[in-house]
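Tertiary structure, described
In case you want the letters, here they are:
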Amino acid sequence: MSRILVVEDDPDLVALLRRWLEARKHRVDHIADGPGALAALAADPLPGLVLLDVMLPKLDGFEVLRRLRAEARTRDLPVVMVSSFSRDKDARRGRELGANDYIVKPLMESDFLKRVEPLLRGR
């Protein structure tokens, strides 16, 4: 069982991710904005994975990721960006900032799980 931090402001998507992940015995914590995510990740223990939306209130996901990768403590933390932005340049930007993966919404359960489960096992 891994602990996963979902940083997402859409409550319907949070509920869907929670259902999928908790069915696989993962613990899901949720934060709805960028500053809250940074505060949560400054505390111990770190989650096994962060699912990070790009469009967040107060501080977008790209900036959250940039700050996570700038800190030694969170530099290697697995982060998957989850976004409705499907342009190649957005996915490229996420990867350049250090995202382990970039998944475009709407999500398909089997594809989503195939992409996040290996990151959880590797932690």
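Along each chain, the written sequence defines residue order, and numbers are assigned to residues from 1. Only residues with pLDDT of 70 or above have their local features reported here, since the model is predicted, and side-chain atom pairs are shown and tallied only from 80 upward, although totals for entire chains, interfaces and linings are computed over all residues. Each side-chain value is derived from all of the structure's non-hydrogen atoms; neither hydrogens nor water enter the calculation.

Strands are runs of DSSP state E lasting at least 2 residues, helices are runs of H or I lasting at least 4, and numbering of each runs from the N terminus. Along the chain, the position of D29 falls in strand β2 (residues 27-31). Any two residues having at least one pair of non-hydrogen atoms within 4.5 Å are treated as being in contact. Contact partners of D29, with chain neighbours within four places excluded, come to R3, I4, L5 and V6.

Now for the nonpolar core. Only buried residues count toward a nonpolar core. Its members are Ala, Val, Leu, Ile, Met, Phe, Trp, Tyr and Cys residues joined through side-chain atoms within 4.5 Å. Relative accessibility under 20% of the residue-type maximum defines a buried residue, over 50% an exposed one, and the middle range a partly exposed one, all with a 1.4 Å probe and only protein chains included. Residues V7, V50, L52, V64 and M81 are the most contacted members of the largest nonpolar core, which totals 20 residues. The set of elements that each furnish at least two residues to this core consists of β1 (3-7), α2 (34-41), β3 (49-53), α3 (61-70) and β4 (79-83). Here this core gets 4 residues from one element, more than from any other, and that element is α3. Setting aside residues no more than four positions away along its own chain, V64 makes contact with G34, A37, L38, L52 and L59. The next biggest cluster of nonpolar side chains, apart from the first, holds 18 residues, and it includes L13, V14, W20 and I103.

Side chains that carry opposite charge are capable of pairing whenever their charged atoms lie near each other. A pair is scored as a salt bridge if a Lys or Arg side-chain nitrogen falls within 4 Å of a carboxyl oxygen belonging to Asp or Glu. Tallying each qualifying case throughout the model produces 13 salt bridges. A salt bridge links R24 to E109; the shortest N-O distance between them is 3.3 Å. Placement of the pair is R24 in the loop between α1 (11-22) and β2 and E109 in helix α5 (residues 109-121), with a sequence separation of 85 residues. Owing to a relative accessible area of 35%, R24 belongs among the partly exposed residues under this scheme. Take E109: its relative accessible area is 32%, and that puts it in the partly exposed class. In this structure, the salt-bridge partner of R73 is D44, at a minimum N-O distance of 2.2 Å. Here D44 lies in the loop between α2 and β3 and R73 lies in the loop between α3 and β4, a separation of 29 residues in the sequence. When salt bridges that share partners are traced, they join R95, D101, D111 and R115 into one network.

Attention now goes to α1. The span expected for a helix works out to 1.5 Å for each residue beyond the first. The end-to-end C-alpha distance of α1, which contains 12 residues, comes to 16 Å, matching closely the 16 Å that a straight helix rising 1.5 Å per residue would cover. All buried positions along α1 are accounted for by L13, V14, L17, W20 and L21. Angularly, the buried residues of α1 cover 135 degrees about the axis, an arc narrow enough to put them on a single face. Exposed and facing more than 90 degrees away from the buried side of α1 are P11, D12 and R19. Packed against the buried residues of α1 are β1, β2, β3 and α5. In protein, a polar contact requires one atom able to donate a hydrogen and another able to accept it; more generally it is a pair of N or O atoms within 3.5 Å, and residues adjacent in sequence count only if both atoms are side-chain atoms. Its side-chain oxygen 2.9 Å from the backbone nitrogen of D12, D10 forms the N-cap of α1. This arc is built from the directions going out from the helix axis to the C-beta atoms.

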